[in-house]
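What follows is each chain in one-letter form.
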Amino acid sequence: MATWCVVGIWANLYLVRQRNSSIKGRFLPQPILATDESVDSNVSLTEANNATLYRRHTNQQIKTLGQQFMAKPFGSDDAWHICSNCEVYVPSRCWHCSGSCNTCILRRDHHCIFAMACIGEENHSNFLGLLLYLTIGTMYATIVLMIYSSNNFDTSYSWYFLKAFIPAIFLFWDFSIHNFLSSLCLIGSITSGTIFLIYFMGACKGETSADKRHKINRSIKGSSKYSYQNLKIFLGLNPLRRIIWPFHQVYKTDYTTSVRQNNY
């Protein structure tokens, strides 16, 4: 049990960093700039040599591109937008990480400080697995320490949980390595378990943290708010097995068929 928890934590932590969900190496179809009818798209070599005409033609293209830019691309799954940092056309729910990643992340949820990587399309299952094994591992350690404390120090379960849950008791009155580890494991299990439930319920709704902030409903029409179908679309086939087994096959969306060709 303990060995598998350690393997699950380290494997998921490693894979969260390796499967970074960035747009690097991914094929994203780019639109052809639509020019205004008043501007001749067939610029001859003679006209191109003229700096004034060439500059006017380029400025008109930039103006037309600005009209196609969507300032608020939230609200629809097919609303692609332009990242001003990467200067590339990216799908919906793809956002730029201005931190250490410094790139756009597909279906970006947030930047995990603990893993030092962005959570996105390719590593969301590993992130949930990391939280799950952290919760199980710290709960297992809490139970083992509780039994050890009860058998060797004649401590009641209620007094054990009180000392473990309130660190000030052992810091200023009854400090020991055992009490410190007990408090660390108990508080760690509650914290990681709460975070896991928050993100797992969000996955059951098919939404990221950004969707939640902007109050966008990603649930399938006709299904319940929290459903296995939403979870399967969000994480891929066999979503529960993907969370439990760290070395699952990466689920990647084919964005070549999701771009709205009729608008460009």
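Fair warning: this is a prediction, and the values are worked out from it, not measured in the lab.

Comments concerning the overall build of the protein chain
- Along the protein chain, the regular secondary structure elements total 10 helices and 6 strands.
- As displayed, the protein chain has an accessible area near 15,700 Å², and 61% of this comes from carbon and sulfur atoms.

Re the side chain of Arg 218
- The topology assignment puts Arg 218 in the loop between helix H8 (209-213) and helix H9 (228-235).
- Assessed through its relative accessible area of 14%, Arg 218 is described here as buried.

Some points on unusual backbone geometry
- With a phi angle near 65°, Arg 93 is a residue other than glycine that sits in the positive phi range.
- The topology assignment puts Arg 93 in the loop between strand S2 (88-90) and strand S3 (95-97).
- By relative accessible area, Arg 93 is classed as buried at 12%.

Focus: the packing of aromatic side chains
- With the rule as written, the count across this model stands at 7 aromatic pairs.
- Arranged with centres 5.4 Å apart and planes meeting at 70°, the rings of Trp 245 and Phe 247 form a pair that is edge-to-face.
- You can call Trp 245 partly exposed: its relative accessible area is 41%.
- Taken together, the aromatic side chains of Trp 4, Tyr 133, Trp 245 and Phe 247 make up a single cluster linked through ring pairs.

Examining a nonpolar patch on the surface
- There is a patch of nonpolar side chains on the surface, built from Leu 162, Phe 165, Ile 166, Ile 187 and Ile 190 and spanning about 400 Å² of accessible area.
- Put simply, the parts of the chain that give the nonpolar patch at least two residues each are helix H5 (157-165) and helix H7 (177-204).
- Take Ile 166: it is sitting in the loop between H5 and helix H6 (167-172).
- According to the relative accessible area criterion, Ile 166 is partly exposed, its value standing at 35%.

Quick look at H7
- Counted at 1.5 Å a residue, the expected span for H7 with its 28 residues is 40 Å, and the 40 Å between its end C-alpha atoms agrees.
- In the stretch just after H7, Gly 206 is the one whose phi turns positive, near 75°.

Focus: the nonpolar core
- One finds Phe 127 and Leu 128 to be the most contacted residues of the largest nonpolar core, which totals 22 residues.
- Only helix H1 (2-18), strand S6 (117-119), helix H4 (124-152), H7 and H9 provide two or more residues apiece to this core.
- For this core, the leading source of residues is H4, giving 6 residues.
- Ranked by size, the runner-up nonpolar core spans 10 residues in total, among them Ile 23, Tyr 89, Cys 104 and Tyr 255.

Examining the confidence of the model for the protein chain
- Per-residue confidence for the protein chain gives a mean pLDDT of 78, with 73% of residues at or over 70.
- Low confidence marks residues 35-41, where pLDDT is under 50. Its contacts with residues over four positions away, or in another chain, come to 9 contacts.
- Here residues 62-72 is a poorly scored stretch, pLDDT under 50, and it has 12 contacts once near neighbours within four places are set aside; other chains count.

Here's the deal with the side chain of His 248
- Note that His 248 resides in the segment after helix H10 (239-244).
- Residue classification places His 248 among the buried residues on the basis of a relative accessible area of 8%.
- Reaching out from His 248, the side chain makes a polar contact with the backbone oxygen of Trp 245 at a distance of 2.9 Å.
- Among all residues touching His 248, those that are not within four sequence positions of it are Arg 19, Ser 125, Asn 126 and Arg 242.

Criteria and thresholds
- The residue count restarts for each chain, going from 1 along the sequence in the order it is written.
- pLDDT decides what is reported in this predicted model: residues at 70 or higher carry local features, side-chain atom pairs at 80 or more are listed and counted, and totals for whole chains, interfaces and linings draw on all residues regardless.
- The basis for every side-chain value is the complete set of non-hydrogen atoms in the structure, without hydrogens or water.
- A run of H or I in DSSP becomes a helix once it reaches four residues, and a run of E becomes a strand once it reaches two; helices and strands are each numbered from the N terminus.
- Shrake-Rupley sampling with a 1.4 Å probe provides the accessible areas, and residues are treated as covered by the protein chains on show and by no other component.
- Relative accessibility decides the category of a residue: with a 1.4 Å probe and only protein chains considered, values under 20% of the type maximum give buried, values over 50% give exposed, and everything between is partly exposed.
- Only the six-membered ring of Trp is used, alongside the rings of Phe and Tyr, when aromatic pairs are assigned; centres must lie within 6.5 Å, and planes under 30 degrees apart are stacked while those over 60 apart are edge-to-face, with the rest tilted.
- Nonpolar side chains (Val, Leu, Ile, Met, Phe, Trp, Tyr) within 5 Å and like charges within 9 Å form the patches, drawn only from residues with over 30% relative accessible area and no salt bridge.
- Salt bridge, as used here: a side-chain nitrogen of Lys or Arg that lies within 4 Å of a carboxyl oxygen of Asp or Glu.
- By this rule, a helix spans an expected 1.5 Å times one less than how many residues it contains.
- Buried Ala, Val, Leu, Ile, Met, Phe, Trp, Tyr and Cys residues that are joined via side-chain atoms within 4.5 Å together make up what is termed a nonpolar core.
- As a per-residue measure, pLDDT tells how confident the predictor is, with possible values from 0 to 100.
- Whether two residues are in contact is decided by their heavy atoms: any pair within 4.5 Å suffices.
- N or O atoms within 3.5 Å of each other form a polar contact, as long as, within protein, one can give a hydrogen and the other can take it, and as long as residues adjacent in sequence are counted only when both atoms are side-chain atoms.

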